[in-house]
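Inside the fold
Chain by chain, the residues run as shown.
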Amino acid sequence: MGETFAALLTGFGVALAPMNLLWGAVGVTLGTLIGVLPGVGPALTVAMLLPLTSKLDPTGALIMFAGIYYGAMYGGSTATILLNTPGESASIATALEGNQMAKRGRAGPALATAAIGSFVAGTIATVLLTLLAPVVVEIALQFGPAEYFALMVLAFVTVSAVLGSSTSRGLASLFVGLLLGVVGIDGQTGQMRYVFGVPELLDGIDVVVLAVGLFAVGEALYVVAYASKFKDELESLKGSLWMSRADWRRSWPAWLRATGIGFPFGTIPAGGAEIPTFLSYATEKKLSKHPEEFGTGAIEGVAGPEAANNAAATGVLVPLLTLGIPTSATAAILLAAFQNYGVQPGPLLFQTQAALVWGLIASLYVGNVLLLVLNLPLIGLWVKVLTIPKPQLYAGILVFATMGAYSLHQSATDLVILYVFGLLGFGMRRFGFPVAPCVIGLILGPLAETQMRRALSISQGDWTVFFRHPIAGTILFIAALVLLLPVFVKLVRKRRLAA
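Okay, so let's go over this structure. Residue indices begin from 1 for each chain and proceed along its sequence in written order. Reporting in this predicted model follows two pLDDT cut-offs: at least 70 for local features of residues, and 80 or more for side-chain atom pairs to be given and counted; totals over whole chains, interfaces and linings ignore these cut-offs and use all residues. As a rule here, side-chain values come from all non-hydrogen atoms in the structure, and water together with hydrogens is ignored.

**Some details on the overall build of the protein chain**
Per the convention used, a helix needs a DSSP run of H or I reaching at least four residues, while a strand needs a run of E reaching at least two, with both numbered from the N terminus. Within the protein chain one finds 22 helices and two strands. Here the radius of gyration uses the C-alpha set of atoms, whereas the globule reference equals 2.2 Å times the residue count to the power 0.38. The C-alpha radius of gyration computed for the protein chain amounts to 22 Å, which stays within 12% of the reference 23 Å derived for 499 residues, consistent with globular compactness. Along the three orthogonal principal directions, the C-alpha set of the protein chain runs to about 70 × 60 × 50 Å. The contacts in the protein chain between residues at least 6 apart in sequence include a share of 78% that link residues at least 24 apart. Counting every atom, the protein chain has about 20900 Å² of accessible surface; 68% of that belongs to carbon and sulfur. The positive charge centre, built from 28 side chains, and the negative charge centre, built from 24, are 11 Å apart in the protein chain. Contacts between residues were defined by any pair of non-hydrogen atoms, one from each residue, lying within 4.5 Å. Each accessible area value is a Shrake-Rupley result obtained with a 1.4 Å probe; residue values ignore everything except the protein chains displayed when judging cover. The charge count treats Lys and Arg as positive and Asp and Glu as negative. His and the chain ends do not count. Just so you know, the charge point we use is NZ for Lys, CZ for Arg, CG for Asp and CD for Glu.

**Remarks on the packing of aromatic side chains**
Centres within 6.5 Å are what make two rings of Phe, Tyr or Trp a pair, Trp counting through its six-membered ring; a difference in plane orientation under 30 degrees is then read as stacked, over 60 as edge-to-face, and the rest as tilted. Here the structure, examined in full by the defined rule, presents nine aromatic pairs. With centroids separated by 5.6 Å and ring planes inclined at 45°, the aromatic side chains of F12 and Y365 adopt a geometry described as tilted. Remark: Y365 occurs in helix α16 (residues 354-375) and F12 occurs in helix α1 (residues 2-15); sequence separation between them is 353 residues. Residue burial is assigned from relative accessible area. The probe radius is 1.4 Å, only protein chains are included, and a residue is buried under 20% of its type maximum, exposed over 50%, and partly exposed in between. A residue is classified by how much of its surface remains accessible, and F12, at 23% relative accessible area, is partly exposed. The class for Y365 is buried, based on a relative accessible area of 16%. Measuring from ring centre to ring centre gives 5.9 Å for F350 and W358, while their planes differ by 80°; the resulting arrangement is edge-to-face. You can call F350 buried: its relative accessible area is 12%.

**Concerning the packing of helix α5 (residues 92-103) against helix α6 (residues 107-140)**
All axes here are fitted lines through C-alpha atoms, helices being fitted over the stretch that makes contact, and every angle between N-to-C directions spans 0 to 180 degrees. Running from N to C, α5 and α6 point in directions that differ by 145°, and their axes come no closer than 7 Å. Seen from α5, the contacting residues are G98, M101 and A102; seen from α6, they are A107, P109 and A110. Three categories are distinguished: nonpolar for Ala, Val, Leu, Ile, Met, Phe, Trp, Tyr, Cys and Pro, charged for Asp, Glu, Lys and Arg, and polar for the others, with Gly belonging to the last. Within the contact of α5 with α6, the residues separate by chemical class into five nonpolar, one polar and no charged.

**Considerations on helix α4 (residues 58-83)**
Here, expected helix span is obtained from the residue count minus one, scaled by 1.5 Å. In a regular helix each residue adds 1.5 Å, so 26 residues correspond to 38 Å; α4 covers 36 Å between its end C-alpha atoms and thus fits that length. Extensive coverage of α4 is indicated by the burial of 25 of its 26 residues.

**Observations concerning a nonpolar patch on the surface**
A patch consists of residues whose relative accessible area exceeds 30% and which take part in no salt bridge; residues with like charges are grouped when within 9 Å of each other, and nonpolar side chains (Val, Leu, Ile, Met, Phe, Trp, Tyr) when within 5 Å. A carboxyl oxygen of Asp or Glu within 4 Å of a side-chain nitrogen of Lys or Arg is what we treat as a salt bridge. A grouping of I124, L128, L132, W252 and L256 is seen on the molecular surface, where their side chains present a nonpolar patch of about 420 Å² in accessible area. Among the secondary structure elements, those contributing two or more residues to the nonpolar patch are α6 and α10 (245-267). When residues in the nonpolar patch are grouped by element, the largest group, three residues, is from α6. Inspection of the secondary structure assignment puts I124 in helix α6. Note on I124: relative accessible area 32%, which makes it partly exposed.

**What to know about the nonpolar core**
Most often, soluble globular proteins keep nonpolar side chains buried together rather than apart. Core analysis: the biggest nonpolar cluster contains 147 residues, and F215 and L321 have the highest contact counts within it. Once you skip the residues sitting within four places of it in the chain, F215 turns out to touch A43, L44, A47, A329, I333, V435 and V439. Nonpolar cores are built from buried Ala, Val, Leu, Ile, Met, Phe, Trp, Tyr and Cys residues. Side-chain atoms within 4.5 Å join them into one set.

**So, the side chain of E306**
Relative to the elements of secondary structure, E306 occurs in helix α12 (residues 300-315). Buried charged residue E306 carries no salt bridge. Nearest counter-charge: R106, at 16 Å. With sequence-adjacent residues up to four places away left out, E306 is seen in contact with M73, S77, T94, A114 and S118.

**Some words on the packing of α4 against α16**
Relative orientation of the contacting elements α4 and α16 amounts to 40°, with a least axis distance of 9 Å. Compared by their axis directions, α4 and α16 come out oblique. The two elements α4 and α16 meet at a crossing, and its hand is right-handed. Packed against α4, whose contacting residues are P58, T59, L62, I63, A66, Y70, G71 and Y74, the element α16 presents L356, G359, L360, S363, L364, N368, L371 and N375 at the interface. Working definition: roughly parallel below 35 degrees, roughly antiparallel above 145 degrees, roughly perpendicular at 65 to 115 degrees, and oblique for all remaining angles. With the far helix as reference, a near helix turned anticlockwise by less than a right angle produces a left-handed crossing, and one turned clockwise produces a right-handed crossing.

**Describing unusual backbone geometry**
Despite not being glycine, Y194 shows a phi value in the positive range, around 55°. Among the secondary structure elements, Y194 is positioned in the loop between β2 (192-193) and α9 (207-225). Judged by its relative accessible area of 49%, Y194 is partly exposed. Its identity is not glycine, yet Q460 carries a phi of approximately 60°, on the positive side.

**A look at the pattern of salt bridges**
Counted by the stated rule, this structure contains eight salt bridges. Across the pair R250 and E300 runs a salt bridge whose closest N-O atoms are separated by 2.7 Å. A residue pair is termed long-range when its members are at least 10 positions apart, and R250 in helix α10 and E300 in helix α12 qualify at 50 residues. Residues R250 and E300 agree in their burial class; the two are buried. R257 is the salt-bridge partner of E284, the closest N and O atoms lying 2.8 Å from each other.

**Focus on the environment of V482**
Residue placement: V482 occurs in helix α22 (residues 470-498). By relative accessible area, V482 is classed as partly exposed at 24%. Spatially, the C-alpha atom of V482 lies 35 Å from that of I34, the residues being 448 residues apart in sequence. Once residues lying within four places of it in the same chain are set aside, the contact partners of V482 are V157, T158 and A161.

Written out as structure tokens, the structure is:
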């Protein structure tokens, strides 16, 4: 415990260095500014801003990304409450009560409880991250190639099952990502694979170009093609922007309960934030002394889901930093940011890059404070950002995405790849295929292949190595349950209905 706090104090020294503090403030502001925009969630925000940091030092860049991540999470609540337009599925629960509060002239208290709840949940969850990360690292150091391969299989299966509208569509998206992941030079044999004579593909598909294409370009094309579906009505800010004593009394228990619900879900593979936000909403509705207000603007229905969302967002960093496993779309893009700087998250990160990782964790504490200090006084400004017309907004996103992708390598091939993936992202969005498994497949696919081949090399080609090791076998059994249990439940339900 003493070593953890000593490392954290060193991290604060890194995070509070003037330049790193500046990058944190820039990240929080940029994240909030873009996250406020309707339909633009944290994943799209981080993907679009990823090329901006290509010239920064790794520590400053990753601290900036932590700020962008948190800022985008906060900014999404503004569009959700005032426009009833959630930027991601995890914000849907907030929209149920938040927009109703805005219609009743209580947008100010709704935005305030979302901001303060995000600060409370984010801070508590960061404390838990600080305490849990070294423990998980100690466990992960016992893992060999077989265990890591099994863990990645679990991540593939759970991400595909949870993030997609159906498991089959999630797996289809995953396999596209895995296929793209084998493009380039084989790291073990040096053979070229699927490059089709294009020299720019020898280093593989750039994750940043893929993420920007699928998220930013794909989303922009989808909104342009189906603009008639999006009818947004902006609610104005009326009355007090601050919470009353009764609002505080009803909000703080919801913040604490939601933190306890959200953080554990964020730490498990593909836990995401959708389940804890709805679970928090249901909990607050059941425990509320004012259940009749739910559906018409109950403040607990905003406080709980927003706190759960931010606690889960911090929980996602536990498997990302300690195991190198992303459990959400945004985490997958953050992993790409690490890899851009030659930094591979995992248990060894805490030994080889201690200053970077503890500086990043310390920056989360600082970022939470910056969010509160900067954003509560600027609520009026963020509301004005929401008035940007959709055509100009998404045209700007396309221009920004194009410039960002080109700036990575100054390659025209990257632009072609960007828009090919943009069209792919549009098609996936149109037909209900989740984008996150594709990105995770591209990032984790080569790593999973390497660990699998190492395990087989050690066992001299014996495939039972993945089942003879107790930890690897247990993880693979859990993955099989995640994949097959929903199918079994559906079959049972069909038989009952037929009977």
